[in-house]
Amino acid sequence: MKTKDRKDRYVDSPIGKYLLIFIALSFLAVMIYIPLMALLQEVIKGGWSTLIGALTDRNFRNACWLTVLTALVAVPLNTVFGLCTAWIIARHRFPGRTFLITLIDLPFSISPVVVGLMLVLLYGRQGWLGGFLEAINFRVIFSLPGIILATAFVSMPFVAREVMPILEEIGKSEEEAAKTLGASGWQTFWYVTVPNIRWGILYGVLLTNARAMGEFGAVSVVSGNIGGKTQTLPLFIEDVYLNYQTAQAFAASIVLALLALVTLVVKELLERRSGYKSKPRIH
Amino acid sequence: MNLYRTAFNSNLRLPLSVPGVFMTVYLIVMLVLPLAALLVKGFSLPPDRFWQIATSKLALATYGINFSLAFLAALTNGVMGTLVAWVLVRYDFPGKKIIDASVDIPFALPTAVAGVVLTAIYSDSGWIGRLFAAQGIRIAFARPGVYLAMTFISLPFVIRTLQPVLNDMEKEVEEVAWSLGASPTVTFWRVIFPPLIPHILTGVALAFSRAVGEFGSVVIIASNLPFEDMIASVLIFQKLEQYDIQGATVIGVVMLTISLLLLFMINLLQKWGSHNED
């Protein structure tokens, strides 16, 4: 192992090493582990009946369903978009290519509330399309389409960003070989390209889904936060918490925390499987 | 050369293919139109009116609180993140793999959950908040709570930026310094640390950028009182709730401009970092 011979060489005493480990772990404990343990303790303290009661609550179930429904629309849309974009950027050179790469990253760097504001200015009653939407009696803001648009916006770049570097790395010789042998564009894509980038796609879909199901700010602005109607799971958590229904808030929180945990475990497995690790970015 | 050119000529233009059309339409509908709606609305206001809202007393106080707390959070992560990355790369200890994986929790955990959980332990009756409350220090529903939430959600950036760099570092350089008689401390500060600086700054800038725009966890842990612990995102949200679309738009344009500047700065820092490696 490469790491084995380099460890422990630059700290004289083991005291220094253990001191550094202690400080690092204390920081992580205060910031991450203690808060999560507190969440678990609160849920356990509430007992099974409280948990079951909270999880069968009508507003909670509606919020779950809305969150799943939103992800079911937003994640496939962003996956198709991400694949198209990654392919265009990795396989073509055209003017404005660098600009396109920057543009795609934009949703990561805009505050979610500003994203919500943009959608209100576009689809709201006083917005650009407000009059038109009212005329055809189609509501975007304070209803499901707005929630989906907001969610799709904030989770847009993941698949594109994960797949692009892989496509660039594998090059196009295999695809060209397939074409020479008479494969059509779609055949080449399904039988040659997709098998090469499948881990990247999965990784991107996983991150897209985690972000889509957990989004708060952007959805909060456009949803109107009507309990049981336009309330996603994160909004439900805030709502019940502010109304001092803490047991419900903790129960719903543990559901989303479990989702986060599953996401991390699958991500770890994917990384081990593919030996591929993504770079940190803003969101 | 000419042959090469003709062979690849077909790739020089944006192709009019199904993926190309889908990407363009999707980008315009989902991203460009909303962005344009904000910018056009913002710049259709008379400049003096825009300036008046953007620099009102409340707005200035809000930026001040927002940026100073985000800066403190990014700074904390700069120092502690460097330390954690060092420990995770250089030392072996039991449970290291799980601890390494757990660093991503703040990215994976929805921000509303982070807000609720942090409020629960840092409020006056919470596990840790209780200890501070006894000394008369409020954490949740005050600025320290906002700082904590910002630190939490931006925690992985510095660590995840530094880990690959520390891993790839050529040990020969360190060994030379070491064998020339430099002490471990001198080796660290003179040899190891300087090339890390651009990467630490990149991580800090990423953390800052994320902390500045954070909403979910902050709105839950803060009291959201003006001049106390209200941040810009909350101000925009409240203005929208009061149907002050104009006010919300102005603050929104200001925050968008700042995020774009930060994005530009991060790109420069990343270039600096990769330039050093060559």
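In this numbering scheme, every chain counts its residues from 1 along its sequence in written order. The lettering of chains begins at A and the numbering of ligands begins at 1, in the order of writing. Local features are withheld for residues below a pLDDT of 70 in this predicted model, meaning they are given only at 70 or higher, and side-chain atom pairs are given and counted only at 80 or more; totals for whole chains, interfaces and linings count all residues. As a convention, hydrogens and water are excluded, and side-chain values are obtained from all of the structure's heavy atoms.

Student: Please provide a residue-by-residue account of the interface of chain A and chain B, values included.
Tutor: Contacts are assigned to residue pairs that have any heavy atoms within 4.5 Å of one another. Each partner contributes to the interface: chain A provides 88 residues, whereas chain B provides 98 residues. Computed with a 1.4 Å rolling probe, the buried area is the accessible surface lost when two parts are put together, summed over both parts. Of the roughly 8,600 Å² buried at the junction of chain A and chain B (both faces included), carbon and sulfur atoms supply 78%. We define a salt bridge as a side-chain nitrogen of Lys or Arg found within 4 Å of a carboxyl oxygen belonging to Asp or Glu. At the boundary of chain A with chain B, the tally comes to 1 salt bridge. When the shortest N-O distance is used, the salt bridge between Lys267(A) and Asp104(B) registers 2.5 Å. Residues adjacent in sequence count toward polar contacts only when both atoms are side-chain atoms; beyond that, a polar contact is any pair of N or O atoms within 3.5 Å, and within protein one must be able to donate a hydrogen and the other to accept it. On inspection of chain A and its partner chain B, the count reaches 7 residue pairs in polar contact (both at pLDDT 80 or more).

Student: I'd love a proper account of helix α1 (residues 14-55) of chain A, names of residues and values included.
Tutor: Think of it this way: any DSSP run of H or I at least four residues long counts as a helix, any run of E at least two long counts as a strand, and we number them from the N terminus. For a helix, the expected span equals 1.5 Å multiplied by the number of residues minus one. Between its first and last C-alpha atoms α1(A) spans 49 Å; for 42 residues at 1.5 Å apiece the expected length is 62 Å, and the helix comes up short by more than 12%. Along α1(A), the largest kink reaches about 105° and is centred on Gly47(A). To get the bend at a residue, fit one axis to the 7 residues ending there and another to the 7 starting there, then take the angle between the axes.

Student: Please provide a residue-by-residue account of the nonpolar core, values included.
Tutor: One finds Ile110(A) and Met150(B) to be the most contacted residues of the largest nonpolar core, which totals 176 residues. Not counting residues within four places of it along the chain, the set of residues in contact with Met150(B) comprises Asn66(B), Leu69(B), Ala70(B), Ala73(B), Ala211(B), Val218(B) and Ile231(B). Definition used in this section: a nonpolar core is a set of buried Ala, Val, Leu, Ile, Met, Phe, Trp, Tyr and Cys residues joined via side-chain atoms within 4.5 Å. Three labels apply to residues, based on accessible area from a 1.4 Å probe with only protein chains included: buried if under 20% of the type maximum, exposed if over 50%, partly exposed otherwise in between. Core analysis: the second largest hydrophobic core is formed by 6 residues, Phe108(A), Phe158(A), Tyr203(A) and Leu206(A) among them.

Student: Any chance you could break down unusual backbone geometry for me, citing the residues and the numbers?
Tutor: Residue and element names in this part refer to chain B. One non-glycine residue, Asn224, adopts positive backbone phi at about 60°. Relative to the helices and strands, Asn224 resides in the loop between α13 (216-221) and α14 (232-241). On the basis of relative accessible area, Asn224 is assigned to the buried category, the value being 14%. Unusually for a residue other than glycine, Tyr243 sits at a positive phi of about 60°. Locating Tyr243 in the fold gives a position in the loop between α14 and α15 (245-277).

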